[in-house]
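Single-letter residue listing:
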Amino acid sequence: YTGKKGNQLISETLNKILVKDYKAVPVVIKEEASVYDAIVMMFLEDVGTLAVIKNKGILAGIVSRKDLLKAAIGKQNLQEIPISIIMTRMPNIITCQLDDPLVNVANKLIHYQIDSIPVVRPFDGLDGLEVVGRITKTTITKAFVELVNEKDI
Ligand code: ADP
């Protein structure tokens, strides 16, 4: 008997579950794209949030469903509005990294009241962050369910 309390064992187990083992593929759109393009991509890719990128995949911002709804209200031509003017932009983006414990990211989703967090890594030789994945509420739910099925973590 190790003398560890149940909740200590649970948090030790949870801290071993890392972003890199559960991340989903990033769904990205270029910052020159229009609000119209973003709406179409959101339906085609079946996601609620898009990562907006500039050259070489560097993170520029995030557009959510509500960002697009807001932009669409009362506006005539959605093909002429670039997403770069409606997105939430860097440096105000909440991000996570490959080696972060998934539970820390879950905590950020709750704390900032957002649905999705891009997984990033520093871009070699350039200022900025490269988008390499995403963590969503669905990712967290999947990991939670898998905990029951896995014998050893
Ligand atoms: P929705 O607005 O569709 O409900 P969210 O709750 O995720 O989706 O987004 C709320 C707001 O927070 C939006 O303006 C969105 O641009 C912004 N947002 C979403 N994800 C992030 C993030 N990872 N970092 C910073 N802001 C974000």
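Residues numbered from 1 in each chain as written. Predicted model: local features only at pLDDT ≥ 70, side-chain atom pairs only at ≥ 80, totals over all residues.

This brings us to the site of the ligand. Neighbouring the ligand are 16 residues, the closest being Ser64, Arg65, Lys66, Thr88 and Asp115. Elements supplying a minimum of two residues to the shell around the ligand: β3 (58-64), α4 (65-72) and β5 (116-122). Classifying every residue of the shell around the ligand by side-chain character gives 6 nonpolar, 6 polar and 4 charged. (Near = placed C-beta within 6 Å. Helix = DSSP H or I, 4+ residues; strand = E, 2+ residues; numbered from the N terminus. Nonpolar A, V, L, I, M, F, W, Y, C, P; charged D, E, K, R; others polar.)

Let's shift gears to unusual backbone geometry. Geometrically, the link from methionine 90 to proline 91 is a cis peptide bond, its omega value of 10° lying close to zero. As for its placement among the helices and strands, proline 91 is situated in the loop between β4 (88-89) and α5 (102-111). We note that lysine 56 has phi near 65°; this positive angle belongs to a residue other than glycine. Along the chain, lysine 56 falls in the loop between β2 (49-54) and β3. Among the residues examined, lysine 56 registers 10 C-beta atoms within 10 Å and is labelled exposed. A positive phi angle, close to 50°, is found at glutamine 113, a residue other than glycine. You can see glutamine 113 is positioned in the loop between α5 and β5. Residue classification places glutamine 113 among the exposed positions, given that 6 C-beta atoms sit within 10 Å. (Buried ≥ 20, exposed ≤ 12 C-beta atoms within 10 Å, placed from the backbone.)

Let us now look at the pairing of β2. Of the strand pairs in this sheet, strand β1 (residues 28-30) and β2 are connected by 3 bridges, and their pairing is parallel. Looking at β2, one finds that valine 28 is bridged to alanine 51. After leaving β1, the chain enters helix α3 (residues 35-45) and then returns to the sheet as β2, a path that is right-handed. In the sheet, β2 pairs with β3 via 6 bridges, with the strands oriented antiparallel. (Pairing = 2+ DSSP bridges. Right-handed = clockwise from strand over helix to strand, strands pointing away.)

What follows is about the UniProt feature "domain: CBS" (unreviewed entry) in the protein. Taken from the UniProt record, the annotation "domain: CBS" (unreviewed entry) applies to residues 22-80 and 87-153. Secondary structure content for residues 22-80 is 34% helix and 27% strand, while the C-alpha to C-alpha distance between its ends is 37 Å. (UniProt positions renumbered as here; feature names shortened; annotations may be inferred.)

Looking at the secondary structure, you find glycine 128 in the loop between β5 and β6 (129-136). Residue glycine 128 is classed as partly exposed on the basis of its C-beta count, with 16 C-beta atoms lying within 10 Å. With 77 residues separating them along the chain, glycine 128 and alanine 51 place their C-alpha atoms 14 Å apart. Once residues within four sequence positions are removed from consideration, glycine 128 is found in contact with Ile58, Leu59 and Phe123. (Contact = placed C-beta atoms within 7 Å.)

With that settled, the discussion passes to the nonpolar core. The tendency in soluble globular proteins is for nonpolar side chains to be buried as a group. Ala51, Val52, Leu59, Val63, Ile83 and Val105 are the most contacted members of the largest nonpolar core, which totals 25 residues. The residues contacting leucine 59, other than those within four sequence positions of it, are Ala51, Ile53, Met90, Ile93, Pro118, Val120, Gly128, Leu129 and Val131. (Core = buried A, V, L, I, M, F, W, Y, C linked by C-beta atoms within 7 Å.)

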